[in-house]
Amino acid sequence: MQLAQQVKHLIKKEIILEWRSKYALNGVLLYVVSTVFVCYMSFQIIDKLTWNALFWIIMLFASINAIAKSFLQESKGRQLYIYTLVSPAALIIAKTIYNSLLMIVLTVIALAFYCMVFEPSKDIDIFMYLLAAVLGSLSFSTIFTMVSAIASKTGNGGMLMAILSFPIIIPVLIVLIKFAKNAMDGLDRSVSLDEIGLLAVINVIVMTVALLLFPYLWRD
């Protein structure tokens, strides 16, 4: 079976499993809604800097909850069965694409609800902020999918995932907050080109490293 066909069937499998259980979708939506509500009850009104930082903190932990299950929930028997059917490259690509789609949907829903509860700045460039949210979803997905694959090979995957992802995700989060702040202030879109390019480069590097390392993890 060709790589594209394998990726297609694996993504279809992930969607079917998620549709049956709705674990990630319902769990993360509940987390986002409850967290935003608690923040609203605590702050009522917040300035735009806090608005921006708070949104990304919420989405950071939401993405961890949604993507951590990628490999950590897979049983040894299921991993062995998939090992006999597809290539490791197809598996890591399919997991990353599925997690990216899932996070984009969750982020758009979360941003819409967040804007309903906390009114955004009047100067905000909503298109650029939405672009920042989408790029942030892709960055979180690629990084946490790779780290989840590594952490799944240990006995304490949840703790190891947090430790491994910390030095990678912090620079990404700083770039995202700066990019989103430019959109919040309504600055010219050309100002954010450096941040867009940097996020794209980070995603390409992380995906390349995942494709190189995952076959060795897969054999273990």
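Here is what the cut-offs are and how they apply
Residues numbered from 1 in each chain as written. Predicted model: local features only at pLDDT ≥ 70, side-chain atom pairs only at ≥ 80, totals over all residues. Heavy atoms only, no water. UniProt positions renumbered as here; feature names shortened; annotations may be inferred. Helix = DSSP H or I, 4+ residues; strand = E, 2+ residues; numbered from the N terminus. Buried < 20%, exposed > 50% of the residue type's maximum accessible area, 1.4 Å probe, protein only. Contact = heavy atoms within 4.5 Å. Areas by Shrake-Rupley, 256 points an atom, 1.4 Å probe, with all protein chains shown as cover. Axes fitted to C-alpha atoms, helices over the stretch in contact; angles between N-to-C directions. Left-handed = near helix turned anticlockwise from the far one by under 90°. Nonpolar A, V, L, I, M, F, W, Y, C, P; charged D, E, K, R; others polar. Core = buried A, V, L, I, M, F, W, Y, C linked by side-chain atoms within 4.5 Å.

An unreviewed UniProt entry lists the protein under the name Heme exporter protein CcmB, from Pedobacter helvus. In its Subcellular location (unreviewed entry) section, the UniProt entry covering the protein states "Membrane".

(A) Structural view of the overall build of the protein. Assigned secondary structure in the protein consists of 9 helices and 0 strands. Put simply, the protein runs from its N terminus to its C terminus through helices and strands in the order α-α-α-α-α-α-α-α-α. Among the 220 residues that make up the protein, the fraction classed as buried is 45%. A separation threshold of at least 6 residues defines the contact pool for the protein, and within that pool the share at least 24 residues apart is 84%. Of the accessible surface of the protein, which amounts to about 11500 Å², a share of 71% is contributed by carbon and sulfur atoms.

(B) Here's a closer look at the packing of helix H3 (residues 48–67) against helix H7 (residues 126–151). Relative to each other, H3 and H7 sit at 35 degrees, their axes nearing to 10 Å. H3 and H7 meet at a crossing whose hand is right-handed. Residues Trp 51, Asn 52, Phe 55, Trp 56, Met 59, Leu 60, Ser 63, Ile 64 and Ile 67 of H3 touch H7, and the partners they reach there are Tyr 129, Ala 132, Ala 133, Gly 136, Phe 140, Ser 141, Phe 144, Thr 145 and Ser 148. By residue class, the composition of the contact of H3 with H7 is 12 nonpolar, 6 polar and no charged.

(C) Looking closely at the nonpolar core. Grouped together as the largest cluster of nonpolar side chains are 64 residues, with contacts concentrated most on Trp 51, Trp 56, Tyr 114, Tyr 129 and Phe 140. Elements represented by at least two residues in this core include exactly helix H1 (3–21), helix H2 (23–43), H3, helix H6 (88–117), H7, helix H8 (157–184) and helix H9 (193–219). Ignoring any residue separated from it by four or fewer positions in sequence, one finds Trp 56 in contact with Tyr 129, Ala 132, Ala 133, Gly 136, Phe 140, Leu 173, Leu 176, Ile 177 and Ala 180.

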